[in-house]
Amino acid sequence: MTPDDEKPPRTDPDIIAAAEVANVDEDIDDAEYVSGLPGVLGVIDAAIARIESVLLALGVLAMAVNTMANVVGRVIGSTIYFSEELNQALIILITFAGISYAARHGRHIRMSAFFDAMPFRPRKMLMVAIAAITAAGMFLLTWYSVVYVLEQASRGRLLPALQIPQWWIIVWAPLGFFLTGLQYALTAIKNVIDKDIWLSTSTLEGYDDSVEEEV
Amino acid sequence: DTWRYAFEEALEEVQGKYAQKFKEEVEANSDHTVELFPFGTLGESADIMEQAQSGILQFVDQSPGFTGALIPEAQVFFVPYLLPEDQDQLFSFFRNSKAIKELFPPLYEAQGLELLTMFPEGEVMMTTQEPVASPEDLNEVKFRVMTNPLIVESYQAFGATPTPLPWGEVYGAMQTGIIQGQENPAFFIESTKMYEVSEHITRAGHNNFTTAVMANKEFYDGLSDEDKQVVQDATQAAFDYILDYQDGLTEESLEKIMEAKPSMTITELSEEERQPFRDTAESVEAEYLEIGGEQAQAILDQMKADLEAAAGASGGETAEDGGEAMDSSAESGSDGAAADDAGAESDSASEGDDGAMDEADAGSETEEAPAN
Amino acid sequence: MTWAIFGTMIVLLLLGFPMMIPLLAGSLIGFVALFGGFGQLDTMVQQVLAGIRPASLIAVPMFIFAADIMTRGQSANRLIDLVMTFVGHFKGGLAISTAGACTMFGAVSGSTQATVVAVGGPLRPRMLKAGYNDSFVLALIVNSSDIAFLIPPSIGMIIYGVVSGTSISELFIAGIGPGLLILFMFSVYSYIYATRHNVPVEPKASWGERAAAVKRAIWPLGFPAIIIGGIYGGIFSPTEAAAACVLYALFLEMIVFREMNFKQLYATAKSTGLITAVVFILVGAGAAFSYVISFAQIPQQILAGIGIDQMGQYGVLFTISVAFFVGCMFVDPIVVILILVPIFAPVVADVGLDPVLVGTIITLQVAIGSATPPFGCDIFTAIAVFKRPYTEVVKGTPPFIFMLLSVAVLLIFFPQIALFLRDLAFAK
Ligand code: NA
Ligand code: NA
């Protein structure tokens, strides 16, 4: 039971401030999102970003309402027997809309200690490699998710309570993997053509806002 | 070769016992080895089924209730009081049923599966906090059921409030009172410790849990005739073994429960008490015909014919009464008196046998455990 | 194959890849090696989806959402103010209260991830402001939340009970002793930490101030009432209690306190969705990885080689502890229990060990493993929710792991820590 260090605590005031205001000032303002893509592609990208964020927010709200409605239903004696399946559908939707939104804003969890300790040049090259390999992995999973969804569609599996085809609720998986892959591919390109190091097409690596970006 | 075999229960539960016997037989009579994957180790019931369809697994045990999401006809096994309450009749049905041997295999084939066998796992029993002697006693009782339209329909018809709940939450929910009842075969009530959080076990004889063993179709078709024979022989040997194994298992499980919790009451409903439950079968059957797919009617008719034959074949006095019982259930319970007789007979004729079958239901529930 | 998988995972992790990549790469290599190519990768996708599907996981986004609303508004602060008027003048009082709150919340919610969010979220800024070091705070929150595994209801114990055929009621009671012992050790450590680091105490509050704090916290005290009363009163499952907290938090912050408008509600929901996605894709990737380990029967192969059937009671307990500890470092705890318990069951019976004691030790190891690097759900959750780097989150962990491991050792030599209450309750 040895305390990890003997110094009096000197917590960085910035960290305290950031923790105190919770997430408020870190909320991503979709209106201010600037796509890393030029022209029409940028407009499409910004529109996708907006759709993702709406799906995320509505998905979470719907999940709360659905779960509570089930409680109320049970108390008054008529259970919503498809409640669990609806939540399954929502969690899949949230996860796959969210991974691409997180990629877009550089919010995926990573262990960046060694990365951060590297000098600029190798770090930049490594960032290109990370983004490119991650993109490749996501595209691979996109392909096999499509295969899986088509398989499920051809097998005709139904959700037992809702009695709808099961593939309807998993179709978000290939979509989410694809959009995530796209974000990482663009990040790789952005790192090649730009002089700075980018965590995503819109997020610059840097220590000033490390609290926000290093997650 | 190494053949992989996944099932929905733990190694020492009924499906696990079957799988162990199957493995033993295959390995004794061929150079192949069988690796066993109990519930949860490769995913939930639906997951292992898909893996068998894609050929990652060579064998899979899935209960028709779950297969219902893929082959709607298989839900016929959820129609209450369709399967006989008498064990001899039940076993005879599973040995000889034309529905199982001829009508179901093409349905499984269409899903890339070779249906090897179906067998019963045990009589489904209700565990509740208050005694249950009639549907009125289930009024307002929140009863945990599997997520399946027919079971929901059954318990609604019984007068309860069917409450689908993920299996992992059932123990806690029984303890705190979110739900006041759940159903399972005796061996599963014992193995999952559900008796610790229940006060009463009621045997209404409304169902017997059924399960099915399948092989990946492409794999099976690609086997040499010799290997096919090995698989068929192992299937048959394990089938015989599992019926033997079940003989007395329910009574054994119930004894263990009583030993662990002497305050438990176990009630076997009389024929008169069962009648009002039996009367609800009609509405569930109608629901089955609605959602059971194109061949629902054909399967149901054949099942009833098979059951009649089984009742006739199971011998002696019971045969006659049993036959009538089958008729009555064919008429959807309109002929209550006949059913009464049959039930009374089979009760007295084979108390111990009845017990053996109870185990089967457990399987259905076990499957869900890994999900949580 | 085993070494290729683990090696690749560690390298990718250290290079700074998004954490889902090491986990997905581990399973990818496994699938390709097992099936001789890419042909079965659809099953890998199946397993990712299976990982995020379990109904009990819904509690996580719901508690994240509730905690976020409470922290943005006034509920959380009013509750903490109330606690501080009673414990603020003690050395380490805030840290001890945090550990206690995590234990209690974890006990009823049954979810360690939800605990990290719901208790850690509001309390962390207060601890930082009070002068605690962030790495201590993060480690305290993550590890105290894991006490939840030991205090009923515990999903880990239910699974163990079912797989091993052990009484779940007895397991539940046996977990309480070690759980409280850990809480006690964490409290002592918090006290020592606060003393050594000179964390300042607040002036002792008068009874008048305390009464005022109670009054201010009347509405927010509805949260513990909903969670504890709702769950033990048989109205909610833990998952549903989480959703009820969301609605209650919205009622307080939007209607009673008027701290939140619809725009903020939208932003909060979106932020919850984002955190959920970032954590759940790792849960899914972890499930695919677990599948490979399970399918390839890697634990069976490793354990077959060490001759566990030659060991005595202590040897068996020690081996079990190490196996679960290592297993849970990489793989989801539930899967570890499902795979390993049947392997050990015959040996446990042979050497005459009490399965309830074994279950308690396994549950403890599972708790330790979930908070131990490199991979663990609670670590991921803390990173995503608190937005702190990985290294910062795990830096303060060693003293806690040390305390937890010493409880594990104590349990092996003094089983009465677990069995005392059980024997009392079941008159054994
Ligand atoms: Na708990
Ligand atoms: Na871990």
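Reading the values: rules and limits
Residues numbered from 1 in each chain as written. Chains lettered and ligands numbered in written order. Predicted model: local features only at pLDDT ≥ 70, side-chain atom pairs only at ≥ 80, totals over all residues. Heavy atoms only, no water. UniProt positions renumbered as here; feature names shortened; annotations may be inferred. Helix = DSSP H or I, 4+ residues; strand = E, 2+ residues; numbered from the N terminus. Rg over C-alpha atoms; globule rule 2.2 N^0.38 Å. Buried < 20%, exposed > 50% of the residue type's maximum accessible area, 1.4 Å probe, protein only. Contact = heavy atoms within 4.5 Å. Areas by Shrake-Rupley, 256 points an atom, 1.4 Å probe, with all protein chains shown as cover. Salt bridge = Lys/Arg side-chain N within 4 Å of Asp/Glu carboxyl O. Expected span 1.5 Å × (residues − 1). Polar contact = N/O pair within 3.5 Å; in protein donor to acceptor, adjacent residues only side chain to side chain. Buried area = accessible area lost by both parts, 1.4 Å probe. Nonpolar A, V, L, I, M, F, W, Y, C, P; charged D, E, K, R; others polar. Core = buried A, V, L, I, M, F, W, Y, C linked by side-chain atoms within 4.5 Å. Axes fitted to C-alpha atoms, helices over the stretch in contact; angles between N-to-C directions. Parallel < 35°, antiparallel > 145°, perpendicular 65-115°, else oblique. Left-handed = near helix turned anticlockwise from the far one by under 90°. pLDDT = per-residue confidence, 0-100. Phe/Tyr/Trp six-rings, centres within 6.5 Å; stacked < 30°, edge-to-face > 60°. Lys NZ or Arg CZ within 6 Å of the ring centre and 35° of its normal.

An unreviewed UniProt entry lists chain C under the name TRAP transporter large permease protein, with Paracoccus isoporae as the source organism. Of chain C, the UniProt comment under Subcellular location (unreviewed entry) reads exactly: "Cell inner membrane".

Student: Please give an account of the overall build of chain C that cites residues and values.
Tutor: Helices and strands together make up the secondary structure of chain C, namely 23 helices and 0 strands. For chain C, whose C-alpha radius of gyration is 22 Å, the value lies close to the compact-globule estimate of 22 Å for 428 residues. Projected onto its principal axes, the C-alpha positions of chain C cover 65 × 50 × 45 Å. Within chain C, the fraction of its 428 residues that count as buried is 68%. Within chain C, contacts between residues at least 6 apart in sequence are counted, and of these 79% link residues at least 24 apart. Accessible surface for chain C amounts to roughly 13,500 Å². Of this, 71% is attributable to carbon and sulfur atoms.

Student: So what about the overall build of chain B? Which residues, and what values?
Tutor: Helix and strand content of chain B: 18 helices and 10 strands. Buried residues in chain B amount to 69% of all 372 residues. When contacts within chain B are restricted to residue pairs at least 6 apart in sequence, those whose partners lie at least 24 apart make up 79%. As displayed, chain B has an accessible area near 11,600 Å², and 44% of this comes from carbon and sulfur atoms.

Student: So what's going on with the pattern of salt bridges? Which residues, and what values?
Tutor: Throughout the structure, instances matching the rule amount to 36 salt bridges over all chains. Of the charged contacts, one joins Glu-240 of chain C and Arg-74 of chain A as a salt bridge, the two residues approaching to 2.7 Å between their closest N and O atoms. On the criterion of chain membership, the pair formed by Glu-240 of chain C in helix 14 (residues 238-256) and Arg-74 of chain A in helix 2 (residues 39-75) is interchain, its members lying in two chains. The class of Glu-240 of chain C is buried, set by a relative accessible area of 5%. In this structure Arg-74 of chain A comes out as buried when scored by relative accessible area, which is 2%. A salt bridge links Arg-157 of chain A to Glu-50 of chain B; its shortest N-O distance comes to 3.2 Å.

Student: How would you summarise the environment of Leu-411 of chain C if you had to cite specific residues and measurements?
Tutor: Residue and element names in this part refer to chain C. By the secondary structure assignment, Leu-411 is in helix 22 (residues 397-413). Leu-411 sits in the buried class, given a relative accessible area of 0%. C-alpha separation for the pair Leu-411 and Pro-342, spaced 69 residues apart in sequence, amounts to 22 Å. Excluding residues within four positions of it along the chain, Leu-411 makes contact with Pro-178, Leu-357, Thr-360, Ile-361, Leu-364, Ile-417 and Ala-418.

Student: Please set out unusual backbone geometry residue by residue, giving values where relevant.
Tutor: As a rule of thumb, non-glycine residues mostly have phi less than zero, and peptide bonds are mostly trans rather than cis. All names here are of chain C. The peptide bond linking Pro-373 to Pro-374 adopts the cis configuration, its omega dihedral lying at 5°. Relative to the helices and strands, Pro-374 is located in the loop between helix 19 (355-370) and helix 20 (377-386). The phi dihedral of Arg-258 falls on the positive side, at around 55°, and the residue is not glycine. Overall, Arg-258 belongs to the exposed group, its relative accessible area being 68%.

Student: Could you give me a rundown of helix 19 of chain C, with the residues and numbers involved?
Tutor: Residue and element names in this part refer to chain C. When the terminal C-alpha atoms of helix 19 are compared, their 22 Å separation across 16 residues agrees well with the 22 Å that a helix rising 1.5 Å per residue should span. For helix 19, a buried count of 15 out of 16 residues is recorded, marking the element as mostly surrounded by other parts of the structure. Of the residues flanking the start of helix 19, the one acting as N-cap is Asp-354, its side-chain oxygen 2.8 Å from the backbone nitrogen of Val-356.

Student: Pulling in residues and values, what's your account of the interface of chain A and chain C?
Tutor: Often the size quoted for an interface is simply the accessible area lost on bringing the parts together. Tallying the contact residues gives 74 residues for chain A and 79 residues for chain C. Both sides together, the interface formed by chain A and chain C hides about 7,100 Å², and carbon and sulfur atoms give 73% of it. Remark: the boundary between chain A and chain C carries 2 salt bridges. Counting the contacts that link chain A with chain C gives 10 residue pairs in polar contact (both at pLDDT 80 or more). Listed by contribution, the elements that provide at least two residues to the side of chain A that touches chain C are helix 1 (13-20), helix 2, helix 3 (83-104), helix 4 (113-117), helix 5 (120-155) and helix 7 (172-193) of chain A. A total of 13 residues in the side of chain A that touches chain C trace back to one element, the largest contributor, which is helix 2 of chain A. Its residues assigned to classes, the side of chain A that touches chain C shows 46 nonpolar, 14 polar and 14 charged.

Student: So, the nonpolar core: which residues are in play, and what are the values?
Tutor: Core analysis: the biggest nonpolar cluster contains 320 residues, and Phe-96 of chain A, Tyr-5, Phe-104 and Tyr-108 of chain B together with Tyr-132, Phe-136 and Phe-324 of chain C have the highest contact counts within it. With 17 residues, the single largest contributor to this core is helix 15 (residues 262-295) of chain C. Ignoring any residue separated from it by four or fewer positions in sequence, one finds Phe-136 of chain C in contact with Ala-95, Met-127, Tyr-189, Ser-190, Tyr-193 and Phe-400 of chain C.

Student: Describe the side chain of Gln-40 of chain C, listing the residues and the values that go with them.
Tutor: Along the polypeptide, Gln-40 of chain C turns up in the loop between helix 2 (20-35) and helix 3 (41-52). A relative accessible area of 16% means that Gln-40 of chain C is categorised as buried. When near neighbours in sequence (up to four residues on either side) are disregarded, Gln-40 of chain C contacts Ser-54, Gly-55 and Ile-56 of chain B together with Phe-31 and Phe-35 of chain C.

Student: Tell me about helix 9 (residues 134-145) of chain C, residues and numbers included.
Tutor: Residue and element names in this part refer to chain C. The terminal C-alpha atoms of helix 9 lie 16 Å apart, and with 12 residues this matches the ideal 16 Å at 1.5 Å per residue to within 8%. Of all 12 residues in helix 9, 12 are buried, a share of seventy percent or more. Along helix 9, the residues that are buried comprise Asp-134, Ser-135, Phe-136, Val-137, Leu-138, Ala-139, Leu-140, Ile-141, Val-142, Asn-143, Ser-144 and Ser-145. Its side-chain oxygen 3.2 Å from the backbone nitrogen of Ser-135, Asn-133 forms the N-cap of helix 9.

Student: Mind laying out the interface of chain B and chain A, listing which residues take part and the relevant values?
Tutor: Of the residues lining the interface, 18 residues belong to chain B; the matching set on chain A comes to 16 residues. Of the roughly 1,600 Å² buried where chain B meets chain A, counting both sides, 53% is carbon and sulfur surface. Taken as a group, Glu-50, Ala-69 and Thr-147 of chain B account for 32% of the area that chain B buries against chain A, more than any other trio of residues on that side. At the boundary of chain B and chain A, one finds 1 salt bridge. One can count 6 residue pairs in polar contact (both at pLDDT 80 or more) joining chain B with chain A. Listing elements by their share of the side of chain B that touches chain A, those giving two or more residues are helix 2 (45-53) and strand 6 (161-164) of chain B. Residues of the side of chain B that touches chain A, tallied by class, amount to 10 nonpolar, 6 polar and 2 charged.

Student: Help me get a handle on the UniProt feature "domain: TRAP C4-dicarboxylate transport system permease DctM subunit" (unreviewed entry) in chain C, residues and values and all.
Tutor: When the UniProt feature table is mapped onto this chain numbering, "domain: TRAP C4-dicarboxylate transport system permease DctM subunit" (unreviewed entry) sits at residues 6-417 of chain C. For the annotated span residues 6-417 of chain C, helix accounts for 77% and strand for 0% of the residues, and the straight-line distance between the end C-alpha atoms is 36 Å.

Student: Just give me the short version of the packing of helix 5 of chain A against helix 2 of chain C, but keep the residues and values in it.
Tutor: In the contact formed by helix 5 of chain A and helix 2 of chain C, the axes pass within 11 Å of each other and the chain directions differ by 55°. Here helix 5 of chain A is positioned oblique relative to helix 2 of chain C, judged by the angle of their axes. Taken as a pair, helix 5 of chain A and helix 2 of chain C cross one another with a handedness that is left-handed. Counting all contacts with helix 5 of chain A, which are made through Thr-134, Met-138, Leu-140 and Leu-141 of chain A, the residues of helix 2 of chain C involved are Met-20, Ile-21, Leu-24 and Leu-28 of chain C. Residues that form the contact of helix 5 of chain A with helix 2 of chain C fall into these classes: 7 nonpolar, 1 polar and no charged.

Student: With reference to specific residues and values, describe the confidence of the model for chain B.
Tutor: Summary statistics for chain B give a mean pLDDT of 85 and a share of 84% for residues scoring 70 or more. Within the model, the stretch residues 316-372 of chain B combines pLDDT values under 50 with 184 contacts to residues more than four positions away or in other chains.

Student: How would you summarise the packing of aromatic side chains if you had to cite specific residues and measurements?
Tutor: All names here are of chain C. This model, assessed by the stated rule, comprises 45 aromatic pairs over all chains. Ring geometry for Phe-31 versus Tyr-291: centroids 5.5 Å apart, planes at 5°, classification stacked. Remark: Tyr-291 occurs in helix 15 and Phe-31 occurs in helix 2; sequence separation between them is 260 residues. Here the guanidinium or amino end of Arg-210 rests over the ring plane of Trp-207, the centre of that ring lying 4.5 Å away.

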